Every structure is written in C-alpha cells, then in structure tokens.
There are 2 protein chains.
Amino acid sequence: MPLPDVVVNRSSPVPLYFQVAEQLERAIFEGKLAPGDRIANEVALAGDLGLSRPTMRQAIQLLVDKGMLVRKRGVGTQVVHPPIKRTVELTSLYDDLKRGGRQAETQVLDQQLVEADEVAASRLKVAEGSSVWKLDRLRTVDGEPLALMRNFVPAAISDLSHVDFTTTGLYEHFRAGGIHLRVAHQTISARRAETAEARLLGGRKGDPVLTMERTSFDDSGRAVEYGTHLYRPDLYAYETTLVDR
Amino acid sequence: MPLPDVVVNRSSPVPLYFQVAEQLERAIFEGKLAPGDRIANEVALAGDLGLSRPTMRQAIQLLVDKGMLVRKRGVGTQVVHPPIKRTVELTSLYDDLKRGGRQAETQVLDQQLVEADEVAASRLKVAEGSSVWKLDRLRTVDGEPLALMRNFVPAAISDLSHVDFTTTGLYEHFRAGGIHLRVAHQTISARRAETAEARLLGGRKGDPVLTMERTSFDDSGRAVEYGTHLYRPDLYAYETTLVDR
DNA sequence: CAGTGGTCTAGACCACAGT
DNA sequence: CTGTGGTCTAGACCACTGT
C-alpha cells in the first residue's frame with residue numbers, strides 16, 4: 001500500500017538509486033506522501049522495483065540525508081518534512097535567484113588583480129602578497145539592493161580579467177572552467193553597516209546587516225575562493241536543514 | 001605509503017566503518033594526514049584492513065560528507081580540510097558551550113503552559129490554542145549575556161513543569177526522556193534589538209542581533225520544538241560546512 | 001514473537017582521469 | 001592503456017521495536 005508509483009529505467013545513464021530517490025522526493029513534494037506516512041520496508045520496495053536491497057537503501061539514504069525521511073530500526077521509514085524549500089546547496093546566490101525566477105541584476109563595482117592581504121592569504125592558503133583577483137559586486141533583486149559581495153580568487157586558479165560578471169555568476173564561471181566546488185566553510189553573523197556599505201545597500205549607516213564569510217574548496221582540495229558578503233536582513237535569510245546521522 | 005595506522009576490532013560493538021572513519025578523522029586532526037595528501041585507493045585499504053570494499057567505502061563516505069575528504073573518479077581520495085572546528089551538529093547551544101569548556105550559565109525568565117499562537121501552532125503542526133510549554137531563557141558565557149532564547153514545546157510531547165533549565169539543556173531533557181532529535185529546519189537572519197531585548201542582552205535598543213528560528217523533528221517525524229533565538233553578533237557566529245554530494 | 005532497519009561480504013561491470 | 005571511484009548484485013546475520 002505505501003508503494004508510490006515508482007518506475008526505473010535501466011537503460012538510462014541516471015543511477016538507479018537516484019531515479020528512485022527523485023521519484024520519491026517528487027511524491028513527497030506533490031503531497032502524495034504526507035508527513036507521518038510510512039513507506040514500505042526496504043526489502044519489499046527493492047523486490048517490487050527489481051532492485052537489490054543495497055541499491056534501494058542508497059535511494060532512501062539520500063532522502064534521509066536531505067531531511068525528508070526518518071528511519072527507525074524495528075519501526076520503519078516515515079516522511080518528516082512538509083514540502084519546504086529545497087535544501088541549501090553549494091551554489092552561489094546568483095544561481096539561487098535565477099532559479100527563483102526573480103529579476104536579479106549584478107553591478108560590478110571593482111574587478112582587479114591585487115596582492116593578497118593577511119586574511120585572504122590565510123583563508124586561500126596562498127602566500128601573503130601573492131596575486132589574487134578581487135571582485136566587488138552589488139546584487140539587486142527587483143530593483144532593490146540585496147547583497148554586497150567581495151570575493152578573492154587566487155590568480156593561479158582562474159583568470160578573471162575578461163569575464164563579465166554582470167551576466168555570469170562566480171560559481172558559473174568556475175564550472176565553465178572545469179572547476180568543481182565540493183566543500184565550503186561558512187561563518188554567518190551580523191553587525192552594523194558602515195557608511196559606504198549602507199549607501200550601496202540603500203540604507204543608513206548603522207543599519208543591521210547579515211554577514212557571511214565563506215571559503216570554497218574544489219574537488220582537488222584547493223581553496224578556490226574566499227568571500228565576505230553583506231546581506232540586507234529584511235530581504236534575505238539563510239535557511240538550512242540539519243540532519244543528525 | 002598513504003596508509004595510516006588503522007586497526008579494527010571485530011569484537012567491538014562499534015561498526016567497522018565507524019571505527020575506520022574515526023581513526024582516519026583523528027589522523028587528519030593530528031596532522032598525520034595533511035590537506036592535499038592522497039590516501040590509498042579503496043580496494044587496497046579494504047584489503048589491508050581485511051574489510052570488504054563497500055564497508056571501506058562507507059567509512060570514507062562518512063568523512064566525505066563531513067567535508068574532510070574529497071573523492072574524484074579516476075584520481076583518488078584527498079584530504080581537504082584544515083583541522084577546523086567540528087561540523088555543525090544537531091545540538092543545542094548549551095551543549096556546545098559545555099563542550100567548549102567555557103563558563104556557561106542559564107537564567108530561566110519564564111516557564112509556563114500557554115495556548116499556542118498562530119505561528120507556533122503552524123510550526124509545531126498542532127491546533128491553534130492547544131497547550132504548549134513556553135520557555136524563555138537568557139544564556140550568559142563568562143558573565144556576558146550571549147543569547148535570548150524562546151522555545152515552544154507541545155504539552156503532548158513532554159512535561160516541562162518540574163524541569164530545572166538552569167542546569168539542564170532543552171535537548172538534554174529530550175534525550176533523557178527518550179526523544180531523539182533527527183532533523184531541524186533553521187532560518188538565520190538579523191534585525192535591530194527591541195528595548196527589552198537589548199536590556200537583557202546588555203546592549204542598547206537598535207543594536208544589531210543575529211536571529212535564528214528553528215523547528216526540530218524527532219525520529220518519528222513529530223515536530224518537537226519551535227524556537228526563536230537572538231544572539232549577540234559580537235560574541236556568536238554560526239559556522240557551517242557545506243558539502244556538494 | 002515477527003518485522004524492521006543496521007551492518008557486512010565478495011564479488012561484478014562501468015565511467016572517467018591521466019599517461 | 002591503467003588506475004581510480006561510481007554503481008550494482010544477492011545474499012547473510014544482527015539489533016532493536018512493538019506485540
């Protein structure tokens with residue numbers, strides 16, 4: 001009974017466990033599976049779909065890690081989450097906004113090669129004084145200033161000299177260059193806006209701003225980007241789903 | 001060569017994959033494995049330890065999910081992270097501070113049964129007007145006010161009437177009662193402090209405060225707790241490690 | 001007790017990266 | 001080409017939950 005209509009396509013290049021996870025996820029978002037509903041046990045599901053149990057487990061585990069399902073030994077697997085927004089992923093704000101369908105614009109305030117100061121050098125694990133690109137951008141959504149972003153990228157990682165960041169996100173540029181971001185470390189806090197910051201963000205000096213500091217690493221473990229961003233807290237909030245493993 | 005001295009104890013109740021992951025993690029934290037180092041391939045590691053490859057993979061995957069290792073097909077597995085702080089886990093601030101060894105104190109400002117308002121009811125998925133515990137606490141560290149926390153717990157979930165929250169954390173109380181938190185959804189932003197809030201946090205009206213709103217679910221998928229917390233941004237920052245899967 | 005997820009094995013074939 | 005991780009199978013036994 002608790003068997004959603006899942007079908008797998010064995011000639012597809014998409015992994016079987018991923019196909020299953022995708023369809024279960026859609027069923028949850030569409031409300032076919034409501035929070036509290038129990039799904040069939042792993043062995044039965046695997047049998048029905050003609051999959052091995054480890055493959056079925058992998059599909060379920062993906063959704064458990066996303067916080068959509070919970071498993072309890074001896075009991076079963078249940079749907080937890082209401083159809084909330086998607087999980088926080090390793091993407092830039094620009095990508096987020098584009099998918100949200102809102103009218104996002106970017107203004108490049110500064111884009112030049114500079115010598116890394118002590119902080120940027122330590123975060124990027126390069127020598128102090130070495131060449132890094134500095135990129136200052138102002139992001140607006142529907143005409144309202146939303147974020148003021150400063151990023152540093154080691155010159156050895158990528159050449160940003162001829163990139164137009166009014167139309168291309170930083171992460172998008174990395175992907176296009178074959179650089180795959182895998183891990184990011186973030187620190188989020190708040191403070192008062194300085195005069196210049198407030199002017200750019202369309203507020204007044206002393207207004208509260210949400211601050212985010214981030215260092216991203218690629219799949220070779222190299223530090224690729226270090227950024228300090230300011231967000232207008234009336235327009236932006238950071239959402240996360242934490243899962244206890 | 002890139003084989004850290006890992007040993008497994010097959011008579012231990014601790015899962016083999018967990019034993020391996022623990023020892024690799026310790027090797028990274030102790031600097032025996034530095035960022036950029038490559039570890040041996042999965043098949044070799046599994047063979048050396050007398051484990052099957054899936055078990056070895058599970059161990060490595062655990063550390064990949066923590067953001068400590070990155071894998072690249074055709075290349076190998078490398079250490080990414082500097083020995084930064086532990087990953088954000090599903091714990092309360094109180095637990096965090098206790099482990100940090102700082103002098104944390106809690107003052108209970110209010111602890112009573114109330115009728116759920118619209119927001120609390122919707123977050124906790126209970127009927128508006130139903131009985132929920134309301135708990136207001138002020139957290140200080142080394143004598144400085146750090147956080148002002150308001151939490152709601154459905155009366156049906158737990159009876160908080162005789163709990164002394166000056167000595168017990170909310171999550172600690174849940175664990176003791178056999179309630180296991182599994183998933184939490186958080187929203188973080190910032191705003192200006194109100195007069196009363198500022199007074200309690202030792203600041204002035206209009207000071208910026210970091211805000212966190214959280215709903216936690218247990219392993220049965222029940223909403224167990226809804227909280228709105230205020231933090232002093234000069235004393236507290238929220239750290240996360242994101243991993244692209 | 002029966003039913004569930006948690007762990008583990010010993011293989012297999014494939015896709016991709018670098019030489 | 002070789003070496004690596006990515007996926008998948010078809011079983012097995014154990015630990016925990018609820019009746």
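Going by what an unreviewed UniProt entry lists, chain A is known as GntR family transcriptional regulator and is assigned to Nocardioides pocheonensis.

**Student:** Whenever I open this one, the sheet that holds strand β2 (residues 69-72) of chain A confuses me. Can you help?
**Tutor:** Through backbone hydrogen bonds, the strands of a sheet pair up, either in parallel or in antiparallel fashion. Residue and element names in this part refer to chain A. If you walk across this open sheet you meet the three strands as β1-β3-β2, and the pairing is antiparallel. Of all the strands in the sheet, the pair left with one neighbour each is β1 (38-39) and β2. Both β1 and strand β3 (residues 76-79) contribute to a ladder of two bridges, which runs antiparallel. Bridging from a neighbouring strand, isoleucine 39 pairs with threonine 77 of β3. Against the sheet, helix α3 (residues 53-65) touches β1, β2 and β3, its axis set at about 120° to β2.

**Student:** What is the right way to look at the packing of aromatic side chains in this model?
**Tutor:** Geometry of an aromatic ring pair is reported as the spacing of the ring centres plus the angle between the planes. Residue and element names in this part refer to chain A. One pass over the full model with this rule turns up eight aromatic pairs over all chains. Summarising the aromatic geometry, the rings of tyrosine 231 and tyrosine 236 are spaced 4.3 Å apart at their centres and angled 20° between planes, so their arrangement reads as stacked. Positioned over the ring face of phenylalanine 165 is arginine 137, at 5.9 Å from the centre of the ring.

**Student:** Please explain the relation of the copies chain B and chain A as it appears in this structure.
**Tutor:** Two copies of the chain are present, and they differ by a rotation about an axis and a shift along that axis. You can overlay chain B on chain A at an RMSD of 0.1 Å; the transform is a turn of 180° with a shift of 0.0 Å along its axis. Here the copies are linked by what is in effect a two-fold axis. For chain B, the minimum C-alpha distance to the rotation axis belongs to proline 208 of chain B and amounts to 2.4 Å. When the interface residues of chain B are mapped onto chain A, 100% of them again fall at the interface, so both copies present the same face.

**Student:** Can you help me understand the protein's contact with DNA strand D in this one?
**Tutor:** In the vicinity of DNA strand D, 23 residues are found, and the nearest of them are Arg10, Leu16 and Thr55 of chain A together with Arg53 and Gly74 of chain B. Counted by atom, the contact set of DNA strand D within 4 Å of the protein is 68% sugar and phosphate. Between a phosphate oxygen of DNA strand D and a main-chain N or O atom of glutamate 42 of chain B, the distance comes to 3.0 Å. Here a phosphate oxygen of DNA strand D and a side-chain polar atom of threonine 77 of chain B are 3.0 Å apart. If you list the elements that add at least two residues to the surface near DNA strand D, you get α1 (16-29) and α3 of chain A together with α3 (53-65), β2 (69-72) and β3 (76-79) of chain B. Residue composition of the surface near DNA strand D, by class: six nonpolar, eight polar and nine charged.

**Student:** Is there a simple way to think about the interface of chain B and chain A in this case?
**Tutor:** Bring the parts together and some accessible area is lost; that lost area is often taken as the interface size. Each partner contributes to the interface: chain B provides 46 residues, whereas chain A provides 47 residues. Summed over both partners, the interface of chain B with chain A comes to about 4,300 Å²; 55% of that surface belongs to carbon and sulfur atoms. On the surface where chain B and chain A come into contact, there are four salt bridges. Residue lysine 72 of chain B is joined to aspartate 219 of chain A by a salt bridge in which the shortest nitrogen-to-oxygen separation is 3.6 Å. At the surface where chain B touches chain A, the tally comes to 22 residue pairs in polar contact (both at pLDDT 80 or more).

Thresholds, definitions, all that
- Residues numbered from 1 in each chain as written.
- Chains lettered and ligands numbered in written order.
- Predicted model: local features only at pLDDT ≥ 70, side-chain atom pairs only at ≥ 80, totals over all residues.
- Heavy atoms only, no water.
- Pairing = 2+ DSSP bridges.
- Helix = DSSP H or I, 4+ residues; strand = E, 2+ residues; numbered from the N terminus.
- Contact = heavy atoms within 4.5 Å.
- Axes fitted to C-alpha atoms, helices over the stretch in contact; angles between N-to-C directions.
- Phe/Tyr/Trp six-rings, centres within 6.5 Å; stacked < 30°, edge-to-face > 60°.
- Lys NZ or Arg CZ within 6 Å of the ring centre and 35° of its normal.
- Least-squares fit on C-alpha atoms with pLDDT ≥ 70 in both.
- Near = heavy atom within 4 Å.
- Polar contact = N/O pair within 3.5 Å; in protein donor to acceptor, adjacent residues only side chain to side chain.
- Nonpolar A, V, L, I, M, F, W, Y, C, P; charged D, E, K, R; others polar.
- Buried area = accessible area lost by both parts, 1.4 Å probe.
- Salt bridge = Lys/Arg side-chain N within 4 Å of Asp/Glu carboxyl O.

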